[in-house]
Amino acid sequence: MNWTQWFIFLLILQIIHGLGTWKLYIKAGRQAWEAFIPIYNAVILMKIITRPWWWVILMFLPIVNLIMIPAAWVETARAFGKDTKLDALICIFTLGFYLYYLNYIADVQYIENRELKPKTSTGEWITSILFAIVAATIVHTYFFQPFVIPSSSLEKSLLVGDFLIVSKIHYGPRVPMTTVAAPMVHDTIPKLGVKSYLYNDNYEERNSSWKNKLQLPYLRLPGFENVERNDIVVFNQPADTLLNMNDFTPDRNYYKPIDKKTNLVKRCVAVAGDTLEIRNGYVFINGEQNKLPPRSHLQFSYEVTFKRNLQPSRIIEILKKYDITDFPNYGSTQLSFIVPAATDKAIAQLKNHPEVDSIKALKQEEGVAGDVFPRDPNYDWNIDHFGPLWIPKAGATVQLNAENIALYKRAIGEYEGNKVSTRGNQVFINDQPASSYTFKQDYYWMMGDNRHNSIDARAWGFVPYNHIFGKPVFIWMSIDGINDGLKNWSFRWDRIFTTVSGSGERTSYLIPFLVVVFGLTFFNKWRKKKKAKT
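Residues numbered from 1 in each chain as written. Predicted model: local features only at pLDDT ≥ 70, side-chain atom pairs only at ≥ 80, totals over all residues. Heavy atoms only, no water.

1. Side note on the packing of aromatic side chains
Going by this rule: Working definition: a ring pair exists when centres of Phe, Tyr or Trp rings (six-membered ring for Trp) sit within 6.5 Å. Plane angles under 30 degrees give stacked, over 60 give edge-to-face, the rest tilted. Under the scheme used here, helices are H or I runs from DSSP no shorter than 4 residues and strands are E runs no shorter than 2 residues, and both carry numbers assigned from the N terminus. Relative accessibility under 20% of the residue-type maximum defines a buried residue, over 50% an exposed one, and the middle range a partly exposed one, all with a 1.4 Å probe and only protein chains included.
Under the criterion given, the structure shown has 30 aromatic pairs. Look at Tyr 443 and Phe 462: their rings are 6.1 Å apart centre to centre, the planes differ by 65 degrees, and that puts the pair in the edge-to-face class. One end of the pair, Tyr 443, is in strand β17 (residues 443–447); the other, Phe 462, is in the loop between α11 (457–460) and β18 (463–464), and 19 residues separate them in sequence. Judged by relative accessible area, Tyr 443 falls into the buried class, the value being 0%. A relative accessible area of 2% places Phe 462 in the buried class. Ring geometry for Tyr 444 against Tyr 465: centres 6.3 Å apart, planes inclined by 50 degrees, an arrangement best described as tilted. Of this pair, Tyr 444 sits in strand β17 while Tyr 465 sits in the loop between β18 and β19 (468–480), placing them 21 residues apart in sequence. For Tyr 444, a relative accessible area of 5% translates into the label buried. Overall, Tyr 465 belongs to the partly exposed group, its relative accessible area being 23%.

This is the structure:
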């Protein structure tokens, strides 16, 4: 729904609320009309049920309100003497319409200065759990979110098994678009394997589905930083599908809402308005080679040939000596093998090893088309030779023709909500002839530093601004062998409690953190003892 439709929907809810509670308002010493005024009626209701005013804010926060609104129904019933477990269940399962029964049929009286503390330990426990979930959901949705590195696309900068804290306040928190969803769960509910949200994924039906009507329009709260070139960014994969993550064809029939698409982390190598080109695997922006931050290292694939057959253990030993840690499992002695990812520095050192015969870079040749964006015969691009390509910028206009429409069709159509087609040499937007288009939002180009082992923008193209949701700022845990079973885990102590970005060597703040925690703990104990004595 758009904002106008949501406004009408909320007005209807206010009328339903007023009709179902106005007599209860009167019994509580208020005026009947106060039950019908949007937002104001919620403030008055908090006074009636003796709850703090800030509950009103929580009742209007998406996802959080799925807990707070039922809580308000239950508290309203309790304020009028209906405080049994059965009353609470009826309130929830009737979606609050139990209040209509209290308003028109039941003979209830308002209880002033009622006891707010739950009568049983079970009730107190449930209340504590619910508000812990509310607090965690607010932090998770609008401030910080944990994230685990699943792949080696940013190897050396971020490693598989790094546990990150992703800041949503840097670029501005994105208000959830999916309004009916389980708190703090992304795509599927663990163990159950079912979707955690209400949405129709079928492309042919999604525009007419009532489930999709509950989607909020895109809205981002103010941040204090823009996405800059070479930032590591967490975003929703634009071309994601539930059926197959590697299906990047434009005509898919299985969709997810933006905020429920797969979360990815890549480096933003080009921002809106840049012209990007990849030459022999190296990125050039506006004609100049992109320089990565000090902690970043480009990696490519190589074929290494030894002077004699070696055992797998010996191969791995040699690779680790030069800090080459991304390698396949070898099952027999080999003369030559593929190194999936290695830095230029590591390869230069490996060449001088006495057991190495030769090393060949496995880069694709210029002019040989690969399976990359935009997958059009007019562009013979591949992962190592790509572009030049202009990155769309909000408010900027691009000239369109039958040749370059392949570059911008998905952005104009899928990401900006237009119907795009071609007839002969003519481009049509929303069934009208078009020779140009002005973009509504910024776009970015996201790539992995592990250039030959990263599914990134070279596969699906531009990343729209509304798909970006955070910036990794902190590594709070790092486990080597995270995917190899618990017995193979080993902690990378030099990475735990370190910042993601920064100049110079990585510094762990674990010891200072532990000192502060223990210091505060002992100080509080000492203060309590001193207070008890006095």
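2. Let's talk about the nonpolar core
Stated formally: Within this scheme, the nonpolar core is defined by two criteria: the residues are buried Ala, Val, Leu, Ile, Met, Phe, Trp, Tyr or Cys, and they are joined through side-chain atoms within 4.5 Å. By the convention used here, residues are in contact when the closest approach between their heavy atoms is within 4.5 Å.
Membership of the largest hydrophobic core comes to 33 residues, with the highest contact counts inside it found for Met 46, Ile 48, Ile 49, Met 68, Phe 80, Leu 102 and Val 134. If you list the elements that add at least two residues to this core, you get α1 (3–27), α2 (40–48), α3 (55–59), α4 (65–79), α5 (85–93), α6 (98–104) and α7 (121–142). Residue contributions to this core peak at 7 residues, all from α4. Not counting residues within four places of it along the chain, the set of residues in contact with Ile 49 comprises Trp 55, Glu 75, Thr 76, Ala 79, Arg 114 and Leu 116.

3. A word on the environment of Asp 449
Note that Asp 449 resides in the loop between β17 and α11. Setting aside chain neighbours within four positions, we find Asp 449 in contact with Ser 153, Leu 154, Ser 157, Arg 267, Leu 292, Ser 296, His 297, Leu 298 and Gln 299.

4. Section: the sheet that holds strand β10 (residues 356–361)
Quick note on the threshold: When DSSP finds two or more bridges between a pair of strands, those strands are recorded as paired. For every element, the axis is a line fit to its C-alpha atoms; helices are fit only across the contacting stretch, and the angle between N-to-C directions ranges from 0 to 180 degrees.
A sheet is described by the order of its strands in space; here 3 strands give the open sequence β9-β8-β10, paired in antiparallel fashion. Since the sheet does not close on itself, it has two edges, and those belong to β9 (334–342) and β10, each with one partner. Taking the axes of each pair of neighbouring strands and ignoring which way they run, one obtains an average angle of 20 degrees across the sheet. Bridge analysis of strand β8 (residues 300–310) against β10 gives 5 bridges, and the strand direction is antiparallel.

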